[in-house]
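# Structural description and commentary
Here's the letter readout for the chains.
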Amino acid sequence: DVPDTVDGISLATQPDPGDIRFENVRFDYAGGTEDCALDGVDLHIRPGTTVAILGATGSGKSTLVHLIPRFYDATSGVVRVGGVDVRELDKNSLRRNVGIALQSPQLFSGSVMENLRYGRPNATDDEVVAAAKTARADGFVTDMTNGYQSIIEQGGANLSGGQRQRLSIARTLVTDPAILILDDSTSAVDLETEAQIQEALASYADRTVVIVAQRISTALGADEIVVLDNGSVCA
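Residues numbered from 1 in each chain as written. Predicted model: local features only at pLDDT ≥ 70, side-chain atom pairs only at ≥ 80, totals over all residues. Heavy atoms only, no water.

As a further point, take empty space enclosed by the protein. Inspection of every chain in the model, using the stated rule, returns two cavities of 30 Å³ or more. Roughly 50 Å³ of internal volume is contained in the largest cavity. Taken together, Leu67, Tyr72, Asp73, Ala74, Gly77, Val78, Val79, Asp85, Val86 and Arg87 make up the lining of the largest cavity. If you tally residues by element for the lining of the largest cavity, the top one is strand β4 (residues 76-81), at three residues. The residue inventory of the lining of the largest cavity, partitioned by class, reads six nonpolar, one polar and three charged. One number sums up the size of the second largest cavity: a volume of about 30 Å³. (1 Å grid on protein atoms, 1.4 Å probe; cavity = no way out; pocket = protein on both sides within 12 Å on 5 of 7 lines; lining within 4 Å. Points joined across faces, edges and corners; volume = space filled by probe spheres on them. Helix = DSSP H or I, 4+ residues; strand = E, 2+ residues; numbered from the N terminus. Nonpolar A, V, L, I, M, F, W, Y, C, P; charged D, E, K, R; others polar.)

Structure follows, in structure tokens:
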């Protein structure tokens, strides 16, 4: 329901599309100013860096990153991407440049290849396979009866939680975003595979990567760790 901006600015035209700033940001799902999910957040995520957001359940981690692609508008304060207030950006341009993989991904009935190309239908086979390898999904996909043409049931019912998450990460990588958000998207993946994914993501050093996590192991390779508590940055 977030309205688009008339004659909005294209994020792709900005010199640093991966630059993210939160300036005294407050957010309340009820639209008021009490019991805010976020309360006075000031944070600068520099382009090309990997930043991990840690905090307990309910601390505001997911709310924070969901303001980046403008799933919601801040109750007060400003969120800037590429140096521009997100409310002044063309919404489609913003979301084309922000890829997000969620803890509970939605997969669709169809082939693995169709699912991975969902956000970028013209991606080549090589680009899709490269993304799957980075997400450590290529191994189990090639072991399936028809490989990348194997059929996924609605919601990914014929896959494990960890497999669904790895495909979700791969699908996000295929879109080639300037900003990559991993919202607790490896919670169902074993620690060894998670470490391999984090290592492989090092090849995306020119992208801004924001990792939301509850376990510290997920954040160890980050350039910076931000800790949220009750909607505020505490470390």
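Still more ground to cover, so stick around.
Our focus in this paragraph is the sheet that holds strand β9 (residues 179-183). Spatial strand order, β6-β9-β10-β3-β11-β12: six strands in an open sheet with mixed pairing. Each having just a single partner strand, β6 (98-102) and β12 (232-233) make up the two edges of the open sheet. Two strands pair when backbone bridges link them, and strand β11 (residues 224-229) and β12 are joined in this way by two bridges, in the antiparallel orientation. Within β12, the position partnered with Asp229 by the bridge is Ser232. (Pairing = 2+ DSSP bridges.)

Overall, antiparallel pairing links the four strands, which are arranged β2-β1-β4-β5 in an open sheet. The open sheet has two edge strands, β2 (38-45) and β5 (84-85), and neither has a second partner. Taken together, the two bridges between β4 and β5 define a ladder with antiparallel strand orientation. Bridged to Val81 within β5 is Val84.

Turning to the pairing of strand β3 (residues 50-54), a few remarks are in order. In terms of burial, β3 is a largely internal element, five of the five residues being buried. Residues Thr50, Ala52 and Leu54 of β3 are buried on one face, and the alternating residues Val51 and Ile53, pointing to the opposite face, are buried as well. Bridge count for β3 against strand β10 (residues 208-213) is five bridges, and the pairing is parallel. For Leu54, the partnering residue across the bridge sits in β10 and is Ala213. (Buried < 20%, exposed > 50% of the residue type's maximum accessible area, 1.4 Å probe, protein only.)

This part takes up helix α6 (residues 161-174). In this model α6 runs 20 Å from its N-terminal to its C-terminal C-alpha over 14 residues, within 8% of the 20 Å that 1.5 Å per residue would give. A large share of α6 lies buried, amounting to twelve of its 14 residues. Here α6 has its buried residues at Gly162, Gln163, Gln165, Arg166, Leu167, Ser168, Ile169, Ala170, Arg171, Thr172, Leu173 and Val174. Positive backbone phi, at 55 degrees, marks Asp176, one or two positions downstream of α6. (Expected span 1.5 Å × (residues − 1).)

Attention now goes to the pattern of salt bridges. Counted under the stated rule, the structure contains nine salt bridges. Glu23 is the salt-bridge partner of Arg80, the closest N and O atoms lying 3.0 Å from each other. With Arg80 in strand β4 and Glu23 in strand β1 (residues 20-27), this pair connects stretches of sequence that are 57 residues apart. Residue classification places Arg80 among the partly exposed positions, given a relative accessible area of 26%. The residue Arg70 makes a salt bridge to Asp73 at a minimum N-O spacing of 2.6 Å. Accessibility expressed as a relative area gives 25% for Asp73, which makes it partly exposed. (Salt bridge = Lys/Arg side-chain N within 4 Å of Asp/Glu carboxyl O.)

The next subject is helix α4 (residues 125-134). Residues Val128, Ala131, Ala132 and Thr134 constitute the buried set of α4. An end-on view of α4 places all buried positions within 160 degrees of arc, on one side of the element. The inward-facing, buried residues of α4 abut α3 (112-116), α5 (138-143), α6 and α7 (191-200). Remark: Arg136 follows α4 within two positions and exhibits a positive phi of approximately 55 degrees. (Arc of directions from axis to C-beta. Contact = heavy atoms within 4.5 Å.)

By the definition in use, this model includes four aromatic pairs. Ring geometry for Phe27 and Tyr72: centres 5.4 Å apart, planes at 40 degrees, overall tilted. Within this pair, whereas Phe27 is found in strand β1, its partner Tyr72 is found in the loop between α1 (61-66) and β4, the two being separated by 45 residues in sequence. With relative accessibility at 32%, the residue Tyr72 sits in the partly exposed group. (Phe/Tyr/Trp six-rings, centres within 6.5 Å; stacked < 30°, edge-to-face > 60°.)

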